[in-house]
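# Tertiary structure, described
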Amino acid sequence: MSMIPITAEHSPTTTIVDRLSGIPLFEQQLEAVVGGDSLSKSSAPGSSQKSESALEFVTWDGPDDPQNPKNWSYAYKWWVTLVVCIICLDVTFASSAPTSALHAVAHEMHVSTETANLVTTMFLIGYVVGPPIWGPGSELLGRKYVSLIALGIYAIFQVGQARAQNIGTLLVTRFLGGLFACAPLTNAGGIIADMWDPVGRGHALAIFTASVFIGPVLGPVIGGYITTSNLGWRWIFWVLMICAGACTVFGFAFLPETYAPTLLAQKARRLRKLDPVANNGLLAESETKIWTPREILRLTILRPFTMMFVEPILALITIYISLVYGIVYSLFEAYPLIFIGKRGLTIPQNGLMFIGIGIGAVLSVFVTWFFSRSYPQLIKEWRGFPPPEKRLPMGMIAGPMLVIGTLWLGWTGNYASIPWYVPALGTIFVGMSAILIFISFLSYILDSYITYAASAFAANTMIRSGVAAAFPLFTTQMFNGMGINWASTLIAGISLLLAPVPFIFYKYGPRIRAGSSFAPCTDLIIAKELAAEREERKAGEVYKEA
C-alpha cells in the first residue's frame with residue numbers, strides 16, 4: 001500500500017487541510033472520514049485520534065500497481081474497449097433507426113414530413129443538452145455508474161416512444177431518450193484515456209469512432225425492414241428498448257470503473273473499513289474537495305462551456321468537426337432522393353445503401369493502424385509524450401477525400417441512367433474520410449486534454465450534435481430546390497474550404513496550446529529539454545574540436 005504522508009511543515013496537503021479547516025462543510029466531510037476529533041485544535045497530546053499531520057493520501061502501490069487501469073493487461077484493455085464500443089454502437093444506432101419510418105409516422109399521426117423529421121432532431125438535441133452533465137459528472141462520480149444508470153433510464157424511455165399516441169409524446173420522449181443515451185458516448189473518450197498509453201490510444205479511438213459511425217449506418221437498414229414488415233414502425237422502439245436493456249446489463253457485468261480518482265477513493269474507503277483505527281487518517285485526494293451545489297454546477301454544467309470559450313484549440317476543432325458532421329448528415333438526407341426517388345428502390349433497399357459508410361468505417365481503422373506504426377518510436381523520442389499534432393496527417397488526407405466523395409455521390413446520383421452501385425461506391429469515400437477526420441481530431445483532443453478529456457468531449461459532442469440536429473431540417477428542401485448535383489457541389493465547396501484546417505493546426509497547434517489553462521502541454525516542455533540537450537552536445541563538439 002502506497003501512501004503520501006501529510007506533514008505539518010512542508011507537505012502541500014497540509015496547506016489544503018489548513019486552508020479548508022474551519023469551513024463547516026469540509027469539517028463535516030472530513031469528520032465522517034477520519035473521526036470527529038481529527039480537526040479539533042484542542043485535542044489532548046495523548047489522544048488516540050489522528051491529527052491533521054497524521055492524515056495520508058492513498059496512491060497507487062508503485063508504478064506497476066495492477067489496480068491502476070494503465071497497468072491492466074493488453075487483452076483486458078481491449079475487452080473493456082470492446083464493451084464501450086458495443087454500448088456506444090447501441091446508442092448511436094438509436095439516433096438513426098426511426099429515419100426509415102418517418103413517412104409512416106407522419107401518416108399515422110397526421111403531421112407533415114417536416115414535423116416527422118423532428119423525431120431525429122429531438123434525439124440529437126438531447127445529445128446537445130446531456131454532455132455538460134454526463135462528461136464532468138463522470139469526473140465527479142466515476143465513469144461506470146454515471147454512464148450505465150443513464151443508459152438504463154434511456155431504455156425505459158423507449159417504452160414511451162413505442163406507445164406514443166401523438167407526435168408531442170413521441171418528440172418529448174425522443175428528446176429525453178437522447179439526453180440519457182449520450183452519457184456512455186460522452187464518457188467513452190475518458191474511459192479510453194484512463195486505460196491506454198498514446199500508442200494504444202490511437203488504435204482504441206479508431207475502433208471506437210468506427211463503432212460510432214456504424215451505429216447510424218445500421219439504423220436505416222434495420223429500421224427499414226421493421227417498418228415494412230408486419231411488425232410496423234413502433235417495433236423499432238421496442239427493439240431499441242431490448243437492445244438498450246441488454247447493453248445495460250452487459251455493462252454492469254463487464255464494464256469496470258476506470259477513473260483513477262474514483263478508484264483511489266474506493267481504495268481509501270476499503271482500507272478505512274478494513275482497519276478503522278490504524279487507517280482512520282487515510283484519504284483519497286478527491287475526498288478533500290468541497291462539493292457544494294455551486295462547485296458541482298461549476299464542474300458539471302459550466303466546465304465544458306468554460307473550456308469551449310477559453311480554449312481556442314478546442315473551440316476551433318469543435319467547429320471543424322461539427323461542420324464535417326453536419327455535412328455527413330446532410331448527405332444522408334440525399335439517400336432517399338438518389339436511391340428511391342431516382343432509381344425506385346424500396347425503403348429497405350435504400351437502407352442497405354448506408355452499408356457503404358460502414359465499409360468506409362472499417363477501412364478507416366486499417367488506415368489509422370497504418371499511420372500509427374511510427375508511434376512507438378515517437379513515444380521513445382518524446383519520452384512518452386509525443387505532440388498531439390502527430391495525429392493530424394490522417395486528417396490532411398481525409399479532407400480532400402471528403403470533397404471527392406461528396407461530388408461523386410451527388411453527380412452520379414443525380415442521373416437515373418447511372419447504375420445504383422456507382423453512387424453507392426462514392427459513399428465509401430464519404431464514410432472513410434469523415435471517420436478519419438474524426439479519429440484524427442478526437443485523438444488530438446484526447447492527447448491534449450488527458451485529465452479533462454471527458455469535459456472536452458462533452459463540449460465537442462454538444463456542439464456537433466446541435467449542428468447535426470439542425471441539418472435535417474433544411475437539407476431535403478436544399479436538395480429538392482437546387483438539385484442533387486448542385487446541392488452536393490455546394491457541400492463539396494464547404495468541405496474544400498475546411499480541407500486546409502489540419503495543415504493549419506499542424507503548423508500552429510503548439511503555439512495555440514501553449515496558452516491553454518487545461519492542456520498540460522508536456523510535449524512543449526520536453527521539446528525545450530531536447531533543444532537544450534542538442535545545444536549542449538553541439539557546444540561539447542565545438543569544445544572538443546577547439
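Everything that follows concerns the structure shown earlier in this document.
This section reports on the structure supplied with the text. (Residues numbered from 1 in each chain as written. Predicted model: local features only at pLDDT ≥ 70, side-chain atom pairs only at ≥ 80, totals over all residues. Heavy atoms only, no water.)

## Considerations on the overall build of the protein
Operational definition: Note on conventions: DSSP H or I runs of at least 4 residues are helices, E runs of at least 2 residues are strands, and numbering of each starts at the N terminus. Contacts are assigned to residue pairs with any non-hydrogen atoms lying within 4.5 Å of each other. Residue burial considers only the protein chains on display, and all accessible areas are found by Shrake-Rupley using a 1.4 Å probe.
Broken down by element type, the protein carries 24 helices and three strands. The contacts in the protein between residues at least 6 apart in sequence include a share of 81% that link residues at least 24 apart. Split by element, the accessible area of the protein, about 23,300 Å² in all, is 68% carbon and sulfur.

## Observations concerning the layout of surface pockets
What counts, and what does not: Method remark: on a 1 Å grid restricted to protein atoms, a set of points is classed as a cavity if a 1.4 Å probe fits but cannot get out and as a pocket if it is open with protein on both sides within 12 Å along at least five of seven lines; lining residues have an atom within 4 Å of a point. Grid points are joined across faces, edges and corners, and a volume is the space filled by probe spheres set on the points.
Approximately 660 Å³ is the volume found for the second largest pocket. What lines the second largest pocket is a set of 27 residues, and nearest its centre among them are Thr-99, Leu-102, His-103, Glu-333 and Pro-336. Mapped onto the lining of the second largest pocket, the elements with two or more residues apiece are α3 (74–96), α4 (102–109), α5 (113–116), α10 (198–228), α14 (312–341), α15 (347–352) and α21 (475–482). If one sorts the elements of the lining of the second largest pocket by residue count, α14 sits on top with eight residues.

## With respect to a nonpolar patch on the surface
Rules: What goes into a patch is any residue over 30% in relative accessible area without a salt bridge, connected to like charges within 9 Å or, for nonpolar side chains (Val, Leu, Ile, Met, Phe, Trp, Tyr), within 5 Å. Salt bridges, as used here, are contacts in which a Lys or Arg side-chain nitrogen is within 4 Å of a carboxyl oxygen on Asp or Glu.
Nonpolar side chains collect at one region of the surface, where Tyr-225, Leu-352, Ile-355, Ile-359, Val-362, Leu-363 and Phe-366 lie side by side and expose about 620 Å² of accessible area between them. With five residues, helix α16 (residues 355–371) is the largest single contributor of residues to the nonpolar patch. As for its position among the elements, Leu-363 is in helix α16.

## Digging into the nonpolar core
Put simply, the rule is: By convention a nonpolar core is built from buried Ala, Val, Leu, Ile, Met, Phe, Trp, Tyr and Cys residues, the set being connected through side-chain atoms within 4.5 Å. Only protein chains enter the accessibility calculation, which uses a 1.4 Å probe; a residue whose area is less than 20% of its type maximum is buried, one above 50% is exposed, and one in between is partly exposed.
Among the nonpolar cores identified, the biggest contains 127 residues, and Tyr-154, Phe-208, Phe-441 and Tyr-449 are the most heavily contacted of them. With residues near it in sequence (within four places) discarded, Tyr-449 still touches Met-307, Glu-311, Ile-313, Leu-314, Ala-456, Ser-516, Phe-518 and Ala-519.

## Describing the pattern of salt bridges
Scanning the entire structure with this criterion turns up ten salt bridges. The partner of Asp-65 in a salt bridge is Lys-267, and the shortest N-O contact between them spans 3.9 Å. Here the residue Asp-65 occupies a position in the loop between β2 (56–59) and α3, and Lys-267 occupies one in helix α12 (residues 260–274), the gap between them amounting to 202 residues. For Asp-65, a relative accessible area of 3% corresponds to the buried category. One continuous salt-bridge network, built from bridges that share partners, spans Asp-61, Asp-65 and Lys-267.

## Considerations on the packing of aromatic side chains
For any two aromatic rings, the description comes down to two numbers: the centre-to-centre distance and the angle of the planes. Our working rule: Here a pair means two rings of Phe, Tyr or Trp (six-membered ring of Trp) with centres within 6.5 Å. Their orientation is stacked below 30 degrees between planes, edge-to-face above 60, and tilted elsewhere.
Under the criterion given, the structure shown has 27 aromatic pairs. Geometrically, the ring pair formed by Trp-78 and Trp-369 is stacked, given 6.2 Å between the ring centres and 25 degrees between the ring planes. You can see Trp-78 sitting in helix α3 and its partner Trp-369 sitting in helix α16, a full 291 residues away along the chain. Judged by centre distance (6.2 Å) and plane angle (75 degrees), the rings of Tyr-444 and Phe-505 are edge-to-face. One end of the pair, Tyr-444, is in helix α19 (residues 421–448); the other, Phe-505, is in helix α23 (residues 501–513), with 61 residues separating them in the sequence.

## Remarks on unusual backbone geometry
Of note in the backbone geometry, Arg-383 takes a positive phi value of approximately 55 degrees without being a glycine. With respect to the secondary-structure elements, Arg-383 resides in the loop between α17 (375–381) and α18 (393–413). The phi torsion at Cys-521 lies on the positive side, around 55 degrees, for a residue other than glycine. Looking at the element boundaries, Cys-521 is found in the loop between α23 and α24 (522–545).

## A word on α10
Threshold: The span you would expect from a helix comes to 1.5 Å times its residue count less one.
Its 31 residues place the ends of α10 46 Å apart at the C-alpha level, agreeing with the 45 Å of an ideal helix rising 1.5 Å per residue. For α10, the tally of buried residues reaches 25 of 31 residues, placing the bulk of the element in the interior.

## A look at the pairing of β2
The side chains of a regular strand alternate between the sheet's two faces. Where we set the bar: Strand pairing is assigned whenever DSSP detects at least two bridges linking the two strands.
Residues Glu-56 and Val-58 line one face of β2 and the alternating positions Phe-57 and Thr-59 line the opposite face, and both faces are buried. Bridging between β2 and strand β3 (residues 282–283) involves two bridges; their strand directions are parallel. In the strand pairing of β3, Phe-57 is matched with Leu-283.

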